Structure formats: C-alpha cells, structure tokens
Amino acid sequence: MALINVKDLSLGYDGHEILTGLNFSVEAGNYLCIVGENGSGKSTLMKTMLSLQRPLSGSIAFGDGLKPNEIGYLPQQTAVQKDFPATVWEIVRSGCQARMGRRPFYSKEEKQLVRENMEKMGIMPFARRCYRELSGGQQQRVLLARALCATRKLLLLDEPVSGLDPKVTAEMYQLIESLNRQEGVTIIMISHDIAAAVRYATHILHVGHQVFFGPVEEYVHSPIARRFLDAEGGKQA
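What comes next is a walk through the structure. (Residues numbered from 1 in each chain as written. Predicted model: local features only at pLDDT ≥ 70, side-chain atom pairs only at ≥ 80, totals over all residues. Heavy atoms only, no water.)

## Brief notes about the packing of helix α6 (residues 136–149) against helix α7 (residues 166–181)
Phase 1: Between α6 and α7, whose axes approach to 10 Å, the crossing angle comes to 15°. Taken as axis vectors, α6 and α7 run roughly parallel relative to one another. Helix-helix and strand crossings are classified by hand; for α6 and α7 the assignment is right-handed. Listed contacts from α7 to Gly137, Gln140, Arg141, Leu144 and Leu148 of α6 are Val168, Glu171, Met172, Leu175, Ile176 and Leu179.
Phase 2: Looking at the contact of α6 with α7 residue by residue, the class counts come to seven nonpolar, two polar and two charged. (Axes fitted to C-alpha atoms, helices over the stretch in contact; angles between N-to-C directions. Helix = DSSP H or I, 4+ residues; strand = E, 2+ residues; numbered from the N terminus. Parallel < 35°, antiparallel > 145°, perpendicular 65-115°, else oblique. Left-handed = near helix turned anticlockwise from the far one by under 90°. Contact = heavy atoms within 4.5 Å. Nonpolar A, V, L, I, M, F, W, Y, C, P; charged D, E, K, R; others polar.)

Set out below in structure tokens:
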C-alpha cells in the first residue's frame, strides 16, 4: 500500500484554484522531488500534505500506519527563524514533541533519539551552542535532525538547500540521499534545482500549467522536462 495516495486533489486560496485534479502516490522508500515554476503550488501542496491547509477538493490518504503527526518537516527558513535564541539541543529535542502527548518531560528513549540524530547530522559538538550563532549549513543540519526526531518513515523538505553555498549544498544532498538509501526514509522534497532533482530522486512531480508524475527515467525524456530544462538554460543532470 502507498505511504501517501493523492486523488483528484485541487488546491488554492479563497476558492481560487492553483492546482486541480492532481493524482499521485508515494511508496515507502521513494525519493520524490516536486519541481515547477514559481507560484505553481509546490509549497501549498506540501502544506496540504501536512494538514496545515485544507484542499479545495479531493483527498490525501496515508497508508502503512503513517499518521499525520509522524511526518518530519523541514520548512523554508525565515530571517526570524534563523535568529532563534535557543540551543541546538533544545531545537532538535523539540522534534519529539508530537510523540509526547500530554507528558511534560522527555523520556530516556526520546533523549537517546535526539543524540542519535544529532550524531547522524554531525552536530553533537554544537549541542550547547546557540542556534543563531551557527552557519546556514549547520542550521539546516540542526533542522534536519529535528525533523528526523518526528519520524522514522517520511521527511518533507521545502527547499532544504536554499541560500547555501555549492559545497554545503552538495553535502546536504548527500545527507538526504543517505537517509533515503541507507536509512530507508521516504523523501518528498521541493526543489528548484532540476539537475539535482534528476540526479537524486526516484520520482518527479512537475506541477504548473502541465503536470507530470512518474519515474525520473520517464521524466527526463518527456516534453515537459525538455521545456523546463530549456527555460533553465539547457542545464542537464
């Protein structure tokens, strides 16, 4: 059964449709990149999958025992968030809150989960550092560790390399690929980097005036991909 199944989904604001009649599914272990023009509804779709926004019509169903509060989410950062005055440990630990219910304290298992995910992201040396003192790449590792504390199944990533330099961008892509291929975490990522999307993803969802969903191998040979690549200056993977 699919981890997420989207059927006849229409999205928009105040009755104005941005996307309509969207159908796709995500299987466990997939790495789906959502691409498309600015304003095509990529972030709106992700917020809808997170139940942060209601669809105009259609449905999103979760399978394999996945609950909406068991999805790890890395949003785009705002300037205010980058200046957040908390320690790295506190921010990563907050990823466990959805599983705590009404408990006022973190369990030993949750604290251990925080340590494991910080070690995976290579940020244990920064545990007591203030988040706002870190570089952009270090902050993204912190937020990725936080997202991992919320899930063992599915990560939703909204432009996780935005604003990072090429070296740090490559490191972040490698971390995400490792989580997918070695840890078995399903990835759904919004990206403007078509070359990276084609290189790392297993599937592409292209939204906009035309919609494509399918394996990367089919996408790169589709008319919609060629037009998109031409618009990006002919950049190839």
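Moving on from the model shown.
## Concerning the environment of Gly122
Phase 1: The residue Gly122 is located in the loop between α5 (108–120) and α6 in this model.
Phase 2: A relative accessible area of 45% means that Gly122 is categorised as partly exposed.
Phase 3: With 19 residues separating them in the primary sequence, Gly122 and Arg141 have C-alpha atoms 7.9 Å apart. (Buried < 20%, exposed > 50% of the residue type's maximum accessible area, 1.4 Å probe, protein only.)

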